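Structure assessment
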Amino acid sequence: MATTQERLRLLTRLFTRPTFAALSSPVEWTLVLAHMSRYVTAQPAEPQPLGLVFEKAWDELRKHHRTEYIYKNEVANRILFGRHSPHVAALHTELPIGRSIIDTAVFNGTSTAYEVKTEFDSSRRLKTQTRDYAKAFEKVFVVADPKFAGVYAQLVEVNVGVLALTRRGGLQVVKEARSDKTRFDSWTMFRCLRRQEYLKALFPLAPRLGDLPNGHIAVESWRIFQQLSTDDAHKMFVEALRRRNTNGSVPSFLQQLPQSLRALGCGTPLTKLQQGYTLERLRETVNYAFV
(Lines give C-alpha, C1' and ligand atoms only; values in the text may rest on other atoms or scores of the structure.)
Protein backbone atom coordinates (compact mmCIF):
# COMPACT_ATOMS: atom_id res chain seq x y z
CA MET A 1 0.00 0.00 0.00
CA ALA A 2 1.29 3.44 -0.89
CA THR A 3 2.40 5.78 1.89
CA THR A 4 0.54 9.05 2.39
CA GLN A 5 3.17 11.08 0.49
CA GLU A 6 3.33 8.55 -2.35
CA ARG A 7 -0.44 8.60 -2.59
CA LEU A 8 -0.52 12.39 -2.74
CA ARG A 9 2.11 12.42 -5.49
CA LEU A 10 0.06 9.90 -7.43
CA LEU A 11 -3.07 11.99 -7.03
CA THR A 12 -1.25 14.84 -8.76
CA ARG A 13 -1.28 12.73 -11.94
CA LEU A 14 -4.99 13.40 -12.19
CA PHE A 15 -4.18 17.05 -12.84
CA THR A 16 -1.93 16.80 -15.89
CA ARG A 17 -2.54 17.69 -19.52
CA PRO A 18 -2.31 14.06 -20.77
CA THR A 19 -4.97 12.99 -18.25
CA PHE A 20 -7.22 15.91 -19.09
CA ALA A 21 -6.75 15.38 -22.84
CA ALA A 22 -7.65 11.69 -22.41
CA LEU A 23 -11.04 12.76 -21.07
CA SER A 24 -11.81 14.27 -24.46
CA SER A 25 -11.55 10.89 -26.18
CA PRO A 26 -14.48 8.44 -26.29
CA VAL A 27 -11.98 5.60 -25.79
CA GLU A 28 -8.97 6.86 -23.87
CA TRP A 29 -10.86 8.31 -20.92
CA THR A 30 -11.29 4.81 -19.43
CA LEU A 31 -7.49 4.54 -19.30
CA VAL A 32 -7.49 7.40 -16.80
CA LEU A 33 -9.44 5.31 -14.31
CA ALA A 34 -7.56 2.09 -15.11
CA HIS A 35 -4.18 3.76 -14.70
CA MET A 36 -4.99 5.53 -11.46
CA SER A 37 -6.71 2.56 -9.83
CA ARG A 38 -3.46 0.57 -10.13
CA TYR A 39 -1.63 3.07 -7.94
CA VAL A 40 -4.18 4.67 -5.64
CA THR A 41 -6.19 2.54 -3.24
CA ALA A 42 -9.69 2.34 -4.69
CA GLN A 43 -12.37 2.39 -2.02
CA PRO A 44 -15.92 1.11 -2.53
CA ALA A 45 -18.24 4.07 -2.83
CA GLU A 46 -21.71 5.11 -3.81
CA PRO A 47 -21.99 5.97 -7.50
CA GLN A 48 -20.76 9.51 -8.05
CA PRO A 49 -19.83 11.63 -11.06
CA LEU A 50 -16.22 11.42 -12.16
CA GLY A 51 -16.05 15.21 -11.84
CA LEU A 52 -16.72 14.86 -8.11
CA VAL A 53 -13.79 12.44 -7.81
CA PHE A 54 -11.56 15.15 -9.27
CA GLU A 55 -12.99 17.68 -6.82
CA LYS A 56 -12.27 15.43 -3.82
CA ALA A 57 -8.74 14.69 -5.02
CA TRP A 58 -8.18 18.41 -5.59
CA ASP A 59 -9.41 19.26 -2.11
CA GLU A 60 -6.99 16.78 -0.55
CA LEU A 61 -4.05 18.14 -2.54
CA ARG A 62 -4.94 21.72 -1.60
CA LYS A 63 -4.70 20.77 2.06
CA HIS A 64 -1.69 18.47 2.05
CA HIS A 65 0.42 18.72 -1.13
CA ARG A 66 0.39 22.14 -2.81
CA THR A 67 2.06 21.52 -6.14
CA GLU A 68 2.48 24.02 -8.98
CA TYR A 69 -0.90 23.04 -10.40
CA ILE A 70 -2.63 23.96 -7.14
CA TYR A 71 -1.25 27.50 -7.48
CA LYS A 72 -2.16 27.80 -11.16
CA ASN A 73 -5.69 26.62 -10.57
CA GLU A 74 -6.22 28.98 -7.64
CA VAL A 75 -5.14 31.86 -9.89
CA ALA A 76 -7.72 30.66 -12.42
CA ASN A 77 -10.45 30.45 -9.78
CA ARG A 78 -9.63 33.69 -7.95
CA ILE A 79 -8.60 35.90 -10.88
CA LEU A 80 -10.30 34.66 -14.05
CA PHE A 81 -13.54 33.52 -12.40
CA GLY A 82 -13.46 35.65 -9.27
CA ARG A 83 -12.51 39.10 -10.62
CA HIS A 84 -13.27 38.74 -14.31
CA SER A 85 -15.18 36.27 -16.49
CA PRO A 86 -14.00 33.74 -19.10
CA HIS A 87 -16.26 35.57 -21.56
CA VAL A 88 -14.19 38.77 -21.41
CA ALA A 89 -10.78 37.71 -20.05
CA ALA A 90 -8.43 34.87 -20.98
CA LEU A 91 -6.05 32.78 -18.91
CA HIS A 92 -3.13 30.91 -20.45
CA THR A 93 -0.72 28.46 -18.84
CA GLU A 94 2.83 27.49 -19.85
CA LEU A 95 3.16 30.42 -22.26
CA PRO A 96 6.67 30.87 -23.75
CA ILE A 97 7.98 34.40 -23.19
CA GLY A 98 11.51 35.16 -24.33
CA ARG A 99 13.79 32.52 -22.82
CA SER A 100 11.28 31.59 -20.12
CA ILE A 101 7.85 29.99 -19.81
CA ILE A 102 5.28 31.82 -17.75
CA ASP A 103 3.23 29.61 -15.44
CA THR A 104 -0.03 31.57 -15.73
CA ALA A 105 -0.96 34.68 -17.71
CA VAL A 106 -4.19 36.67 -17.67
CA PHE A 107 -5.32 38.97 -20.47
CA ASN A 108 -8.22 41.38 -20.01
CA GLY A 109 -7.73 45.10 -20.67
CA THR A 110 -4.02 44.53 -20.09
CA SER A 111 -1.62 41.67 -19.37
CA THR A 112 -0.59 40.18 -16.03
CA ALA A 113 1.96 37.41 -15.49
CA TYR A 114 1.94 35.05 -12.50
CA GLU A 115 5.14 33.12 -11.78
CA VAL A 116 4.54 30.27 -9.32
CA LYS A 117 7.09 29.47 -6.64
CA THR A 118 5.89 26.63 -4.42
CA GLU A 119 7.61 25.58 -1.22
CA PHE A 120 9.43 22.96 -3.33
CA ASP A 121 10.85 25.49 -5.83
CA SER A 122 14.13 27.37 -6.03
CA SER A 123 14.53 31.11 -6.61
CA ARG A 124 17.60 30.53 -8.79
CA ARG A 125 16.11 31.74 -12.11
CA LEU A 126 13.60 34.18 -10.66
CA LYS A 127 15.19 37.44 -11.82
CA THR A 128 15.81 36.10 -15.33
CA GLN A 129 12.20 34.91 -15.54
CA THR A 130 10.58 38.11 -14.29
CA ARG A 131 12.76 40.25 -16.58
CA ASP A 132 11.59 38.18 -19.54
CA TYR A 133 7.94 38.56 -18.52
CA ALA A 134 8.28 42.33 -18.10
CA LYS A 135 9.07 42.55 -21.84
CA ALA A 136 5.46 41.62 -22.65
CA PHE A 137 3.40 42.00 -19.47
CA GLU A 138 2.35 45.25 -17.85
CA LYS A 139 2.32 43.64 -14.42
CA VAL A 140 4.33 40.69 -13.08
CA PHE A 141 3.59 38.80 -9.86
CA VAL A 142 5.31 35.98 -8.02
CA VAL A 143 2.81 33.67 -6.29
CA ALA A 144 4.39 31.96 -3.29
CA ASP A 145 3.69 30.03 -0.12
CA PRO A 146 3.02 32.38 2.83
CA LYS A 147 6.15 31.06 4.56
CA PHE A 148 8.36 32.36 1.74
CA ALA A 149 6.37 35.29 0.30
CA GLY A 150 8.24 37.82 2.45
CA VAL A 151 11.58 36.46 1.26
CA TYR A 152 10.51 36.76 -2.37
CA ALA A 153 9.34 40.33 -1.73
CA GLN A 154 12.94 41.16 -0.82
CA LEU A 155 14.42 39.28 -3.79
CA VAL A 156 12.34 40.62 -6.68
CA GLU A 157 12.94 43.86 -8.55
CA VAL A 158 10.96 46.97 -7.72
CA ASN A 159 8.34 46.49 -10.46
CA VAL A 160 7.54 42.86 -9.53
CA GLY A 161 4.73 42.09 -7.08
CA VAL A 162 4.34 39.16 -4.70
CA LEU A 163 1.15 37.29 -3.77
CA ALA A 164 0.87 34.72 -0.97
CA LEU A 165 -1.43 31.77 -1.59
CA THR A 166 -3.15 31.36 1.77
CA ARG A 167 -4.20 28.01 3.22
CA ARG A 168 -7.80 28.84 2.31
CA GLY A 169 -6.86 29.47 -1.32
CA GLY A 170 -6.91 33.25 -1.22
CA LEU A 171 -4.31 35.47 -2.89
CA GLN A 172 -2.94 37.96 -0.38
CA VAL A 173 -0.94 40.93 -1.68
CA VAL A 174 2.48 41.03 0.01
CA LYS A 175 4.01 43.44 -2.49
CA GLU A 176 2.05 45.25 -5.21
CA ALA A 177 3.26 45.02 -8.82
CA ARG A 178 4.06 48.26 -10.66
CA SER A 179 3.22 48.96 -14.26
CA ASP A 180 6.42 49.54 -16.24
CA LYS A 181 5.82 49.85 -19.98
CA THR A 182 9.37 51.05 -20.56
CA ARG A 183 10.43 47.40 -20.46
CA PHE A 184 8.16 46.32 -23.32
CA ASP A 185 9.91 44.61 -26.22
CA SER A 186 8.07 44.32 -29.55
CA TRP A 187 9.98 41.23 -30.72
CA THR A 188 9.07 39.32 -27.54
CA MET A 189 5.39 40.11 -28.06
CA PHE A 190 5.43 39.38 -31.78
CA ARG A 191 6.89 35.91 -31.22
CA CYS A 192 3.86 35.02 -29.05
CA LEU A 193 1.42 35.66 -31.89
CA ARG A 194 0.17 33.10 -34.37
CA ARG A 195 0.13 33.97 -38.07
CA GLN A 196 -3.62 34.51 -38.25
CA GLU A 197 -3.44 36.69 -35.14
CA TYR A 198 -0.86 39.14 -36.43
CA LEU A 199 -2.44 39.19 -39.90
CA LYS A 200 -5.78 40.16 -38.31
CA ALA A 201 -4.13 42.76 -36.06
CA LEU A 202 -2.17 44.34 -38.91
CA PHE A 203 -4.95 44.18 -41.51
CA PRO A 204 -5.94 47.88 -41.12
CA LEU A 205 -2.32 48.86 -41.80
CA ALA A 206 -1.51 46.28 -44.49
CA PRO A 207 -4.62 44.59 -45.92
CA ARG A 208 -2.60 42.76 -48.61
CA LEU A 209 -0.22 41.01 -46.21
CA GLY A 210 -2.04 37.69 -46.53
CA ASP A 211 -1.55 37.76 -50.33
CA LEU A 212 2.24 37.54 -50.05
CA PRO A 213 4.10 34.25 -50.58
CA ASN A 214 4.20 32.19 -47.37
CA GLY A 215 7.91 32.73 -46.90
CA HIS A 216 7.48 36.51 -46.89
CA ILE A 217 4.41 36.94 -44.65
CA ALA A 218 6.19 36.66 -41.30
CA VAL A 219 9.13 38.84 -42.39
CA GLU A 220 6.92 41.63 -43.73
CA SER A 221 4.55 41.39 -40.76
CA TRP A 222 7.45 41.81 -38.35
CA ARG A 223 8.74 44.78 -40.34
CA ILE A 224 5.39 46.53 -39.88
CA PHE A 225 4.90 45.40 -36.29
CA GLN A 226 8.26 46.77 -35.14
CA GLN A 227 7.34 50.21 -36.46
CA LEU A 228 4.45 50.42 -34.01
CA SER A 229 4.94 52.08 -30.64
CA THR A 230 5.51 49.49 -27.93
CA ASP A 231 2.23 50.58 -26.37
CA ASP A 232 0.31 49.86 -29.60
CA ALA A 233 2.19 46.59 -30.03
CA HIS A 234 1.19 45.61 -26.51
CA LYS A 235 -2.47 46.39 -27.21
CA MET A 236 -2.38 44.09 -30.26
CA PHE A 237 -0.62 41.39 -28.22
CA VAL A 238 -3.20 41.61 -25.41
CA GLU A 239 -6.19 41.54 -27.74
CA ALA A 240 -4.88 38.56 -29.71
CA LEU A 241 -4.17 36.47 -26.60
CA ARG A 242 -7.45 37.52 -25.03
CA ARG A 243 -9.44 36.47 -28.09
CA ARG A 244 -7.65 33.13 -28.25
CA ASN A 245 -9.54 31.85 -25.18
CA THR A 246 -12.71 33.97 -25.23
CA ASN A 247 -13.99 33.09 -28.70
CA GLY A 248 -16.36 30.32 -29.69
CA SER A 249 -17.31 27.61 -27.19
CA VAL A 250 -14.33 28.03 -24.83
CA PRO A 251 -15.95 30.32 -22.20
CA SER A 252 -19.04 28.11 -21.85
CA PHE A 253 -16.86 25.00 -21.64
CA LEU A 254 -14.71 26.50 -18.88
CA GLN A 255 -17.75 27.50 -16.86
CA GLN A 256 -19.07 23.92 -16.93
CA LEU A 257 -15.83 22.35 -15.69
CA PRO A 258 -15.36 21.46 -12.02
CA GLN A 259 -13.34 24.12 -10.19
CA SER A 260 -10.47 21.64 -9.89
CA LEU A 261 -9.99 21.48 -13.67
CA ARG A 262 -10.27 25.10 -14.73
CA ALA A 263 -6.55 25.77 -15.25
CA LEU A 264 -6.26 22.58 -17.32
CA GLY A 265 -9.28 23.66 -19.34
CA CYS A 266 -7.60 26.99 -20.07
CA GLY A 267 -4.29 25.39 -20.97
CA THR A 268 -5.43 22.44 -23.11
CA PRO A 269 -6.70 23.33 -26.61
CA LEU A 270 -9.73 21.19 -27.49
CA THR A 271 -12.18 21.26 -30.35
CA LYS A 272 -15.86 21.86 -29.61
CA LEU A 273 -16.49 18.14 -30.10
CA GLN A 274 -13.71 17.23 -27.66
CA GLN A 275 -15.08 19.72 -25.14
CA GLY A 276 -18.44 17.96 -25.34
CA TYR A 277 -16.86 14.53 -24.79
CA THR A 278 -14.94 15.87 -21.79
CA LEU A 279 -18.06 17.23 -20.11
CA GLU A 280 -19.91 13.96 -20.79
CA ARG A 281 -17.08 11.93 -19.24
CA LEU A 282 -17.04 14.12 -16.13
CA ARG A 283 -20.76 13.40 -15.66
CA GLU A 284 -20.22 9.63 -15.91
CA THR A 285 -20.76 7.82 -12.61
CA VAL A 286 -18.05 5.63 -11.07
CA ASN A 287 -18.45 3.17 -8.22
CA TYR A 288 -15.19 3.82 -6.44
CA ALA A 289 -13.20 6.78 -5.27
CA PHE A 290 -9.54 7.66 -5.16
CA VAL A 291 -9.99 9.55 -1.90
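This text goes with the structure placed above it.
Residues numbered from 1 in each chain as written. Predicted model: local features only at pLDDT ≥ 70, side-chain atom pairs only at ≥ 80, totals over all residues. Heavy atoms only, no water.

**Some words on the overall build of the protein**
Looking only at helices and strands, the protein has 14 helices and eight strands in total. Evaluated residue by residue, the protein yields a buried proportion of 52% over its 291 residues. Restricting the contact set of the protein to residue pairs at least 6 apart, pairs at least 24 apart contribute 66%. When the accessible area of the protein is evaluated, it comes to approximately 14,100 Å², of which 51% is carbon and sulfur surface. (Helix = DSSP H or I, 4+ residues; strand = E, 2+ residues; numbered from the N terminus. Buried < 20%, exposed > 50% of the residue type's maximum accessible area, 1.4 Å probe, protein only. Contact = heavy atoms within 4.5 Å. Areas by Shrake-Rupley, 256 points an atom, 1.4 Å probe, with all protein chains shown as cover.)

**What to know about the packing of helix H9 (residues 195–202) against helix H11 (residues 230–246)**
One way to put it is that H9 packs onto H11 with a least axis distance of 10 Å and a crossing angle of 130°. If you check the angle between H9 and H11, you find them oblique. The element H9 and its partner H11 pack so that their crossing is right-handed. Judged by residue contacts, Glu197, Lys200, Ala201 and Leu202 of H9 engage Met236, Ala240, Arg243 and Arg244 from H11. Along the lines of polarity and charge, the residues of the contact of H9 with H11 split into four nonpolar, no polar and four charged. (Axes fitted to C-alpha atoms, helices over the stretch in contact; angles between N-to-C directions. Parallel < 35°, antiparallel > 145°, perpendicular 65-115°, else oblique. Left-handed = near helix turned anticlockwise from the far one by under 90°. Nonpolar A, V, L, I, M, F, W, Y, C, P; charged D, E, K, R; others polar.)

**Things to note about a nonpolar patch on the surface**
Nonpolar side chains collect at one region of the surface, where Phe148, Val151 and Leu155 lie side by side and expose about 240 Å² of accessible area between them. Position of phenylalanine 148 relative to the elements: it lies in helix H7 (residues 146–155). (Patch = residues over 30% accessible without salt bridge, like charges linked within 9 Å, V, L, I, M, F, W, Y side chains within 5 Å. Salt bridge = Lys/Arg side-chain N within 4 Å of Asp/Glu carboxyl O.)

**Here's the deal with the packing of helix H1 (residues 4–11) against helix H4 (residues 50–64)**
Running from N to C, H1 and H4 cross one another at 125°; their axes reach a closest spacing of 10 Å. Relative to H4, the element H1 is oriented oblique. Note on packing geometry: the crossing formed by H1 with H4 is left-handed. Along its contact with H1, which presents Arg7, Leu8 and Leu11, the element H4 presents Ala57, Glu60, Leu61 and His64. Among the residues forming the contact of H1 with H4, the class breakdown is four nonpolar, one polar and two charged.

**Some details on H9**
Every buried residue belonging to H9 is among Glu197, Tyr198, Leu199 and Leu202, and all of these are buried. Looking at the packing, one finds that the buried side of H9 touches helix H8 (186–190), helix H10 (214–225) and H11.

**Looking at the packing of aromatic side chains**
Within this structure, the stated rule accounts for 15 aromatic pairs. Considering the side-chain rings of phenylalanine 190 and tyrosine 198, the 4.8 Å spacing of their centres and the 25° angle between planes classify their relative orientation as stacked. The buried category is assigned to phenylalanine 190, whose relative accessible area is 6%. A relative accessible area of 6% places tyrosine 198 in the buried class. A connected cluster of aromatic rings, assembled from ring pairs, spans Trp187, Phe190, Tyr198, Trp222 and Phe225. Taking NZ or CZ as reference, arginine 262 lies 3.8 Å from the ring centre of phenylalanine 81, over its face. (Phe/Tyr/Trp six-rings, centres within 6.5 Å; stacked < 30°, edge-to-face > 60°. Lys NZ or Arg CZ within 6 Å of the ring centre and 35° of its normal.)

**Describing the nonpolar core**
Buried together is how nonpolar side chains tend to be arranged in soluble globular proteins. In terms of nonpolar packing, the biggest core is built from 47 residues, with Phe15, Phe20, Leu23, Leu50, Phe54, Tyr114 and Val143 touching the most fellow members. With seven residues, helix H5 (residues 68–80) is the largest single contributor of residues to this core. Contacts of phenylalanine 54, omitting those with residues within four sequence positions, involve Leu14, Phe15, Leu23, Ser260, Leu261 and Leu282. If you look at the next biggest cluster of nonpolar residues, it comprises 41 residues, including Leu126, Ala153, Ala206 and Phe237. (Core = buried A, V, L, I, M, F, W, Y, C linked by side-chain atoms within 4.5 Å.)

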